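# Residue-level structural notes
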Amino acid sequence: MSAPQDGPWLDGAAGRLVRPYTVSNGRTRPTTSMDLLSLVMATGATPLGYLGPEHSQALERCAQPTSVAEIAGHLGLPAAVTKVLLSDLVDCGAVTTKPPTFHDNPTDRSLLEAVLDGLRRQL
């Protein structure tokens, strides 16, 4: 069983005790259109109503513009669940989203090499 400091959400041996779609109340479709590269940023507005712990964690990640994919990775949740959580935050005015911006050519070799270098540094 989990240690008291671990809280009810994690167990050292078993991992996450709550199924990902339980976090989104079974919802699979976000109310706001966004893709994995969409940038999300906190507005500074205090969200009204109850937010779960995952909502709060996602909001903390949005202090600077952060991609949906990066937020999903930090939360350890599937992208579809993360999009639902983020759309909840958009709906209550706590975050805004912006579509990804590309250079004139998204397949530009220098851009792809920069991405590859960044990924290698993370490993």
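## Digging into the sheet that holds strand β5 (residues 95-98)
- Spatially, three strands are ordered β4-β3-β5 in an open sheet, and the strand pairing comes out antiparallel. In the strand order of this sheet, the two ends are held by β4 (66-67) and β5, each with one partner.
- Here strand β3 (residues 39-42) pairs with β5 via four bridges, running antiparallel. Of the residues in β5, the one forming a bridge with Ala42 is Val95.

## As for the packing of helix α3 (residues 68-75) against helix α4 (residues 79-91)
- For the pair α3 and α4, interaxial distance at closest approach is 9 Å and the crossing angle is 105 degrees. Of the possible angle classes, the one that applies to α3 and α4 is roughly perpendicular. Here α3 contributes Val68, Ile71, Ala72 and Leu75 to the contact with α4, which in turn contributes Ala79, Thr82, Lys83, Leu85 and Leu86.
- The residue makeup of the contact of α3 with α4, split by class, is seven nonpolar, one polar and one charged.

## Some points on α4
- When the terminal C-alpha atoms of α4 are compared, their 18 Å separation across 13 residues agrees well with the 18 Å that a helix rising 1.5 Å per residue should span.
- Listing the buried residues of α4 in full gives Val81, Thr82, Lys83, Val84, Leu85, Leu86, Ser87, Asp88 and Leu89.
- One or two residues past the end of α4 sits Gly93, with phi positive at roughly 80 degrees.

## Some points on the confidence of the model for the protein chain
- In the predicted model, the protein chain carries a mean pLDDT of 80, and the fraction of residues at 70 or more is 78%.
- Scored below 50 in pLDDT, residues 1-7 shows five contacts in the model against residues more than four places distant or in partner chains.

## Comments concerning the pattern of salt bridges
- Taken as a whole and assessed by the stated rule, the structure comprises one salt bridge.
- Where Arg109 meets Glu113, a salt bridge forms, and the shortest distance between an N and an O atom there is 3.0 Å. Here Arg109 pairs with Glu113, and both are found in helix α5 (residues 109-122), just four residues apart, close to one helical turn.
- Since its relative accessible area comes to 64%, Arg109 is described here as exposed.

## Remarks on the pairing of β3
- Relative to β4, β3 runs antiparallel, the two being bridged by two bridges. Considered in β4, the bridge of Val40 is made with Thr66.

## Describing helix α2 (residues 53-61)
- Buried within α2 we find Glu54, His55 and Ala58. Along the axis of α2, the buried positions cluster into a sector of 105 degrees, meaning they face one direction only.

Rules and cut-offs
- Residues numbered from 1 in each chain as written.
- Predicted model: local features only at pLDDT ≥ 70, side-chain atom pairs only at ≥ 80, totals over all residues.
- Heavy atoms only, no water.
- Pairing = 2+ DSSP bridges.
- Helix = DSSP H or I, 4+ residues; strand = E, 2+ residues; numbered from the N terminus.
- Axes fitted to C-alpha atoms, helices over the stretch in contact; angles between N-to-C directions.
- Parallel < 35°, antiparallel > 145°, perpendicular 65-115°, else oblique.
- Contact = heavy atoms within 4.5 Å.
- Nonpolar A, V, L, I, M, F, W, Y, C, P; charged D, E, K, R; others polar.
- Expected span 1.5 Å × (residues − 1).
- Buried < 20%, exposed > 50% of the residue type's maximum accessible area, 1.4 Å probe, protein only.
- pLDDT = per-residue confidence, 0-100.
- Salt bridge = Lys/Arg side-chain N within 4 Å of Asp/Glu carboxyl O.
- Arc of directions from axis to C-beta.

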